[in-house]
Amino acid sequence: MEIPKTIADVTLGLARPSDATTIARMSKRLIEVGLPWSWKPGRVAEHIRHRESVVLTARVGEELAGFAIMQFSDKTAHLNLLAVEPTYEGLGVGRRLVEWLEETAITAGTFVIVLEVRATNVGARWFYRRLGYREDRCIAGYYCRVENAVRMVRDLKVA
Ligand SMILES: CC(C)(COP(=O)(O)OP(=O)(O)OC[C@H]1O[C@@H](n2cnc3c(N)ncnc32)[C@H](O)[C@@H]1OP(=O)(O)O)[C@@H](O)C(=O)NCCC(=O)NCCS
C-alpha cells in the first residue's frame, strides 16, 4: 500500500454497492475488535441503499483509505461508524470525512451530531474532541452489555 504524500491524493465520494464487503471488513478489523461482528456486508449494503443514511468513502485511486456511515433523523444525525486505514492515519482523512458529513447535515437542516465511542478508545475520543465534540455521558454496557460507551455530541449551530 503506497502512502499518499498529501491529503490531496484522497477523494471523498458516496459508497458504491460493491464497497459493502470492504467496509464491513474494515469495521470488523478496525472498530469492532473484540466484539461480535455486527456490521456485516448486508447491514452496510442496507445503509448504502437507505435514503436516510450516507455511507461516505475516502479513496486513494481505487483503494479505500477510510469510510464513515451517518444516519439522519429529524433532529439529529448519528455517526454510526468511522475508520481510516492505519496507513493513512494522521493525514486529515478522518477530519475530512466528518467535516463532509457535517456540511451535509447542515444542508439537511440537522444541526446536532451524536455518536458513541468505546470508552477505552482514548485515541478516537481525542480525535472527536479535536473536531469540536464534547463528551456528554457514559453509557454502561452499551456494547454487548460488556463494554461502556461514551456518547459525544456536537451542536453545529453553536459551532
Ligand atoms: C480515529 C481515527 C478515525 C482518526 O482518523 P485520522 O485520519 O488519523 O485523523 P486526522 O488525521 O483527520 O486527525 C484529525 C485531528 O485529530 C487528532 N487526532 C487523530 N487521532 C488522534 C489520537 N489518536 N490522539 C490524539 N489526537 C488525535 C489529530 O492530531 C488531528 O488534530 P488537528 O487536525 O487539530 O491537527 C482513526 O485513527 C481510526 O480509524 N481509528 C480506528 C477506528 C476508530 O477508532 N474509529 C472511531 C470510532 S467508530
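Only a predicted model underlies this, so the values are computations on that prediction, with no experimental measurement involved.

Rules used in this analysis
Residues numbered from 1 in each chain as written. Predicted model: local features only at pLDDT ≥ 70, side-chain atom pairs only at ≥ 80, totals over all residues. Heavy atoms only, no water. Salt bridge = Lys/Arg side-chain N within 4 Å of Asp/Glu carboxyl O. Helix = DSSP H or I, 4+ residues; strand = E, 2+ residues; numbered from the N terminus. Buried < 20%, exposed > 50% of the residue type's maximum accessible area, 1.4 Å probe, protein only. Pairing = 2+ DSSP bridges. Right-handed = clockwise from strand over helix to strand, strands pointing away. Axes fitted to C-alpha atoms, helices over the stretch in contact; angles between N-to-C directions. Contact = heavy atoms within 4.5 Å. Core = buried A, V, L, I, M, F, W, Y, C linked by side-chain atoms within 4.5 Å. Near = heavy atom within 4 Å. Polar contact = N/O pair within 3.5 Å; in protein donor to acceptor, adjacent residues only side chain to side chain. Areas by Shrake-Rupley, 256 points an atom, 1.4 Å probe, with all protein chains shown as cover.

Asker: Explain the pattern of salt bridges to me, using residue names and the numbers behind them.
Answerer: Enumeration over the complete set of coordinates arrives at 10 salt bridges. The residue R16 makes a salt bridge to E62 at a minimum N-O spacing of 3.1 Å. Of the two residues, R16 sits in the loop between β1 (11–14) and α1 (20–31) while E62 sits in the loop between β2 (53–60) and β3 (63–72), which places them 46 residues apart along the sequence. Between R29 and E85 there is a salt bridge whose closest N-O contact spans 2.7 Å. Here E85 lies in the loop between β4 (76–84) and α3 (93–107) and R29 lies in helix α1, a separation of 56 residues in the sequence. Here R29 falls in the partly exposed class, since its relative accessible area comes to 45%. On the basis of relative accessible area, E85 is assigned to the buried category, the value being 8%.

Asker: Would you mind going over the pairing of β4 in detail, with residue names and values included?
Answerer: Extensive coverage of β4 is indicated by the burial of seven of its nine residues. Bridging between β3 and β4 involves seven bridges; their strand directions are antiparallel. For M70, the partnering residue across the bridge sits in β4 and is L79. Taking the residues between adjacent antiparallel strands as the criterion, β3 and β4 are bridged by three residues. After leaving β4, the chain enters α3 and then returns to the sheet as strand β5 (residues 112–118), a path that is right-handed.

Asker: If you had to explain the sheet that holds β2 to someone new, which residues and values would you point to?
Answerer: Taken in spatial order, the seven strands make up an open sheet running β1-β2-β3-β4-β5-β7-β6, and their pairing is mixed. A strand with exactly one partner marks an edge of an open sheet, and here the two such strands are β1 and β6 (134–143). Sheet twist, expressed as the mean angle between neighbouring strand axes with direction ignored, is 25°. Both β1 and β2 contribute to a ladder of four bridges, which runs antiparallel. Bridging from a neighbouring strand, G13 pairs with T57 of β2. Packing of α1 onto the sheet brings it into contact with β2, β3, β4 and β5, and relative to β3 it is tilted by some 90°.

Asker: Lay out the nonpolar core with the relevant residues and their values.
Answerer: L79, L97, Y128 and Y133 are the most contacted members of the largest nonpolar core, which totals 30 residues. At the level of secondary structure, the elements contributing two or more residues to this core comprise β2, β3, β4, α3, β5, α4 (122–130) and β7 (147–155). In terms of residues, this core owes the most to one element, α3, which gives five residues. Look past the residues within four positions of Y128 in its chain and what remains in contact with it is L79, L82, L115, Y133 and M152.

Asker: Mind laying out the site of the ligand, listing which residues take part and the relevant values?
Answerer: Around the ligand, 19 residues are found, and the nearest of them are L82, V84, E89, N121 and R130. Contact between the ligand and L91: an oxygen atom at 3.4 Å from a main-chain N or O atom of the residue. Within the contact set of the ligand, an oxygen atom lies 2.8 Å away from a backbone nitrogen or oxygen of G94. Within the complex, 72% of the 920 Å² of free accessible area of the ligand lies under protein.

Remember that the coordinates give geometry; whether it matters functionally is a separate question.
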